[in-house]
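Tertiary structure, described
Listed below are the residues making up each chain.
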Amino acid sequence: MANPLEARMMKKIQQMQADITRAQEELKDIRVEGTAAGGLVTAVVNGLRALIDIKIEKEALADDDLEMLEDLIVAAVAGATEEATRKSQEVMAGAAGGMLPPGLNLDSLLGRI
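A brief look at the structure comes next. All values reported here derive from a predicted model rather than from experimental measurement.

1. With respect to the sheet that holds strand E2 (residues 41-46)
The strand order E1-E2-E3 describes an open sheet built from 3 strands, whose pairing is antiparallel. Edge positions in the sheet fall to strand E1 (31-36) and strand E3 (51-56), since each of these pairs with one other strand and no more. Sheet twist, expressed as the average angle between the axes of neighbouring strands with direction ignored, equals 15 degrees. Sheet topology note: the E2/E3 ladder contains 5 bridges and is antiparallel. The residue of E3 that forms the bridge with Thr42 is Lys55.

Given below as structure tokens:
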């Protein structure tokens, strides 16, 4: 027969796994935006940090400066990805229910960087 402490711990771990699975599904639906040059370029990323959409205003093309446009796209995507990472960490930390030590990156445990 299993030790009652072990049984409780296993139940908590199973609950945490279910919560993490739900949180990962929730992350698919989270949308965050990053912008560059006052909104000339807007990138939309989901909570899993996948690029969902990118919008480029016509004014961003006015100077025919392709290198500048590329830089704006990179900046917008980076901003959106940074915000998605922050939100993802919040959601996953909540799913872990305080069972992880402070500073432990849950993304690395789940195989995501």
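2. A word on the side chain of Thr42
Structurally, Thr42 is set in strand E2. A relative accessible area of 13% places Thr42 in the buried class. Apart from residues lying up to four places away in sequence, Thr42 is in contact with Glu33, Gly34, Thr35, Asp53, Ile54, Lys55 and Ala76.

3. Digging into a nonpolar patch on the surface
A cluster of nonpolar side chains, contributed by Leu51, Ile54, Ile56 and Leu61, occupies part of the molecular surface with about 320 Å² of accessible area. Looking at where Leu61 falls in the secondary structure, it is placed in the loop between E3 and helix H2 (66-96).

Here is what the cut-offs are and how they apply
- Sequence order sets the numbering: in each chain, residues are counted from 1 along the sequence as written.
- Confidence filtering applies because this is a predicted model: local features only for residues at pLDDT of at least 70, side-chain atom pairs given and counted only at 80 or more, and all residues used for totals across whole chains, interfaces and linings.
- Here the side-chain values reflect all heavy atoms present in the structure, with hydrogen atoms and water set aside.
- We call two strands paired when DSSP finds no fewer than two bridges between them.
- Here a helix means four or more residues in a row that DSSP labels H or I, a strand means two or more in a row labelled E, and each is numbered from the N terminus.
- Throughout, an axis means a line fitted to C-alpha atoms (over the contacting stretch in the case of helices), and angles, computed between N-to-C directions, take values from 0 to 180 degrees.
- Each residue's exposure class comes from its accessible area (1.4 Å probe, protein chains only) as a fraction of the maximum for that residue type: buried when under 20%, exposed when over 50%, partly exposed otherwise.
- Any two residues whose heavy atoms approach within 4.5 Å at even a single point are treated as in contact.
- Patch building starts from residues that exceed 30% relative accessible area and form no salt bridge, then joins like charges within 9 Å and nonpolar side chains (Val, Leu, Ile, Met, Phe, Trp, Tyr) within 5 Å.
- All accessible areas in this document rest on Shrake-Rupley with a 1.4 Å probe, and a residue is counted as covered only by the protein chains that are shown.
- The term salt bridge refers to a pairing of a side-chain nitrogen on Lys or Arg with a carboxyl oxygen on Asp or Glu at a separation within 4 Å.

Honestly, that's just the spatial picture; any functional story needs more than this.
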